[in-house]
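# Examination of the molecular architecture
Each chain, written out:
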Amino acid sequence: MASEPLTNPSERLQRVREAARLLPLAGLFLVLPPLITLFAVPVDVAGVPLLVLYFFAVWLGLVVAAALLGRALAVPAPPGDGQSEP
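So, here is what we can say about the structure in this document. Everything numeric here is computed off the predicted structure, so don't read it as measured data.

### Remarks on the packing of aromatic side chains
One pass over the full model with this rule turns up 3 aromatic pairs. Consider the rings of Phe-39 and Tyr-54, whose centres lie 4.1 Å apart with planes at 15°: the pair is stacked. Placement of Phe-39 in the loop between helix 2 (33-36) and strand 1 (44-45) and of Tyr-54 in helix 3 (residues 50-73) is noted, with a sequence separation of 15 residues between them. Taking the relative accessible area as the measure of exposure, Tyr-54 reaches 11% and is therefore buried. Between Phe-56 and Trp-59, the ring centres sit 5.6 Å apart and the planes meet at 35°, which makes this aromatic pair tilted. Residue Phe-56 and its partner Trp-59 are located together in helix 3, separated by 3 residues, close to a single helical turn. Given the relative accessible area of 48%, Phe-56 is considered partly exposed.

### Observations regarding helix 3
Between its terminal C-alpha atoms helix 3 stretches 34 Å, which fits the 34 Å expected from 24 residues at 1.5 Å a residue. When we look at burial in helix 3, the residues that qualify are Tyr-54, Val-58 and Leu-69. The elements touched by buried residues of helix 3 are helix 1 (9-30) and helix 2.

Parameters and conventions
Residues numbered from 1 in each chain as written. Predicted model: local features only at pLDDT ≥ 70, side-chain atom pairs only at ≥ 80, totals over all residues. Heavy atoms only, no water. Phe/Tyr/Trp six-rings, centres within 6.5 Å; stacked < 30°, edge-to-face > 60°. Helix = DSSP H or I, 4+ residues; strand = E, 2+ residues; numbered from the N terminus. Buried < 20%, exposed > 50% of the residue type's maximum accessible area, 1.4 Å probe, protein only. Expected span 1.5 Å × (residues − 1). Contact = heavy atoms within 4.5 Å.

Okay, here's the thing in structure tokens:
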């Protein structure tokens, strides 16, 4: 079932806010012990333990997601704010 595109900007903003609220919960879920045990195996990738790579990937993913959500939530500056034309 395909969802219809959001035409109302307030609906889009509301969805982005909801995603921003869920991001910390997603991060918490990704580092819970049941999921961590899947990567706590004695395997090295290029000399780095798999668990360390998993934590780095989760951290990087959360940082990128937060940056994208922050950009989507940023309030645009009004035109001509602080800049005057000669």
